[in-house]
Amino acid sequence: MNTKKRSGFSEFIRKSIVSLKRKPENIAMFVLVIAFLIYSLNLTYISHTTARIQGPGMGLYGFITMLLSMLSFVCFTSSYPRRKKPNYLMIGLMFVMFIIIIFCDIKYKGLITNALTRAENPIAEESYITNAAKALNAHIIVLIIGAALVALRPVYAKLIRSIKTSIDVEDSGNMAAIDISGDD
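One numbering rule holds for all chains: residues counted from 1, following each sequence as written. In keeping with the predicted nature of the model, local features appear solely for residues at pLDDT of at least 70, side-chain atom pairs appear and are counted solely at 80 or more, and the whole-chain, interface and lining totals rest on all residues. Water and hydrogen atoms play no part in the side-chain values, which are based on all heavy atoms of the structure.

**Thoughts on the confidence of the model for the protein**
Values of pLDDT, ranging from 0 to 100, describe the predictor's confidence in every residue of the model. Taken over all residues, the pLDDT of the protein has a mean of 87, while the share at 70 or more is 88%. Under the DSSP-based scheme used, a helix requires at least four consecutive residues in state H or I and a strand at least two consecutive residues in state E, with every element numbered from the N terminus. Here helix α1 (residues 2-22) stands out as the element of the protein with the lowest mean pLDDT, 73, in contrast to helix α6 (residues 127-151), whose mean of 96 is the highest.

The following block contains the structure:
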């Protein structure tokens, strides 16, 4: 029974590698989905921070980050059409969106820092403000990793394709004895 479980697990791994051979960009997509989830699942903290600090442009930075995060998925799916060459215009547009998202996150973090450390009437540090700053740091890091994976797709695609995933089929040894002429 243990060998059957091991065989099933190894078959799952083999099938996963085969699917990555066909579409290696799924690795980058997975990381970009994680970046999106980091931001969107912490949007409550970011919204409360925006309402508390009310810095110039904070709401706009949050809106731009969320909008471009969703639009970057559209660009990503259009960048790698099935059985065609990558669409480099969409890849370039996606990188522009990543740069704008990172810029907005950094500006938002700067406004948080300014509100907490200003000389006159500083904002008391609340737990949701700290959580928003941590979420923005994590979002920036994971987004940079995702952008690097998009840029390095040709490199790791070749590495994944070099992995042997074929199954050795046992031979009965008597292939010459099979009559394929069709005469009865």
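**A closer look at the layout of surface pockets**
Definitions used throughout: a 1 Å grid over protein atoms alone; a cavity as a set of points that fits a 1.4 Å probe which cannot get out; a pocket as an open set with protein on both sides within 12 Å along at least five of seven lines; a lining residue as one with an atom within 4 Å of a point. Grid points are joined across faces, edges and corners, and a volume is the space filled by probe spheres set on the points. Estimated volume of the largest pocket: approximately 260 Å³. Taken together, R22, K23, E25, S79, Y80, P81, R82, R83, K84, K85, P86 and R153 form the lining of the largest pocket. Gly counts as polar in this scheme, as do all residues outside two lists: the nonpolar Ala, Val, Leu, Ile, Met, Phe, Trp, Tyr, Cys and Pro, and the charged Asp, Glu, Lys and Arg. Considering only residue class, the lining of the largest pocket consists of three nonpolar, one polar and eight charged.

**Some words on empty space enclosed by the protein**
This model, assessed by the stated rule, comprises one cavity of 30 Å³ or more. Surrounding the largest cavity, L32, A35, F36, S69, S72, F73, F98, I101, H139 and L143 form its lining. Broken down by secondary-structure element, the contributors of at least two residues to the lining of the largest cavity are α2 (26-41), α4 (58-79), α5 (88-117) and α6. Split into classes, the residues belonging to the lining of the largest cavity amount to seven nonpolar, three polar and no charged.

**Some words on the side chain of S69**
If you trace the backbone, S69 turns up in helix α4. The definition of a polar contact used here is a pair of N or O atoms within 3.5 Å, where within protein one atom must be able to donate a hydrogen and the other to accept one, and adjacent residues in sequence count solely through side-chain atom pairs. There is a polar contact of 2.7 Å between the side chain of S69 and the backbone oxygen of T65.

**Section: the packing of aromatic side chains**
Aromatic rings from Phe, Tyr and Trp, with only the six-membered ring used for Trp, were paired whenever their centres fell within 6.5 Å, and each pair was classed as stacked if the ring planes differed by under 30 degrees, edge-to-face if by over 60, and tilted otherwise. Across all of its chains, the model carries three aromatic pairs by this definition. Between the aromatic rings of F36 and F73, the centroid separation amounts to 5.5 Å while the plane-to-plane angle is 80°, which identifies the pairing as edge-to-face. In this pair, F36 sits in helix α2 while F73 sits in helix α4, placing the two residues 37 residues apart along the sequence. There is no split in this pair, since F36 and F73 are both buried. The buried label goes to any residue with under 20% of its type's maximum accessible area, the exposed label to any with over 50%, and the partly exposed label to all in between, with areas taken from a 1.4 Å probe on protein chains only.

**Considerations on the packing of α2 against α6**
Helix packing for two helices is described by the angle between their axes and how far apart those axes are. Helix axes are fitted to C-alpha atoms over the stretch in contact, other axes to C-alpha atoms as well, and angles between N-to-C directions run from 0 to 180 degrees. Relative orientation of the contacting elements α2 and α6 amounts to 165°, with a least axis distance of 8 Å. One element, α2, and the other, α6, form an angle in the roughly antiparallel class. Classified by chirality, the crossing of α6 by α2 is left-handed. On α6, the residues touching I27, A28, V31, L32, I34, A35, I38 and Y39 of α2 are A135, L136, A138, H139, V142, L143, I145, G146, A147, L149 and V150. Angular relationships are summarised with four words: roughly parallel below 35 degrees, roughly antiparallel beyond 145, roughly perpendicular across 65 to 115, and oblique for the angles in between. Put simply, a crossing is left-handed when the front helix is turned counterclockwise from the back one by less than a right angle, and right-handed when it is turned clockwise. Should any heavy atoms of two residues lie within 4.5 Å, those residues are considered in contact.

**A short note on the nonpolar core**
Buried together is how nonpolar side chains tend to be arranged in soluble globular proteins. What is meant by a nonpolar core is a set of buried Ala, Val, Leu, Ile, Met, Phe, Trp, Tyr and Cys residues, joined one to another through side-chain atoms within 4.5 Å. Ranked by internal contacts, the top residues of the largest apolar core, which has 42 residues, are L32, F76, Y108, I112, L143 and V150. Of all the secondary-structure elements, those providing two or more residues to this core are α2, α3 (43-53), α4, α5, α6 and α7 (153-161). Beyond its immediate stretch of four places on either side in the chain, I112 contacts T49, I53, M58, I129, A133 and L136.

**Some points on the pattern of salt bridges**
Salt bridge criterion: a side-chain nitrogen from Lys or Arg within 4 Å of a carboxyl oxygen from Asp or Glu. Counted under the stated rule, the structure contains three salt bridges. Where E11 meets R14, a salt bridge forms, and the shortest distance between an N and an O atom there is 2.8 Å. Of this pair, E11 and R14 are both found in helix α1, three residues apart, which corresponds to roughly one turn of the helix. The class for E11 is partly exposed, based on a relative accessible area of 26%. Note that K23 and E25 form a salt bridge whose closest N and O atoms lie 3.6 Å from each other. On the basis of relative accessibility, which here comes to 30%, the residue K23 falls in the partly exposed class. A single network of salt bridges, built from pairs that share partners, joins K23, E25 and R153.

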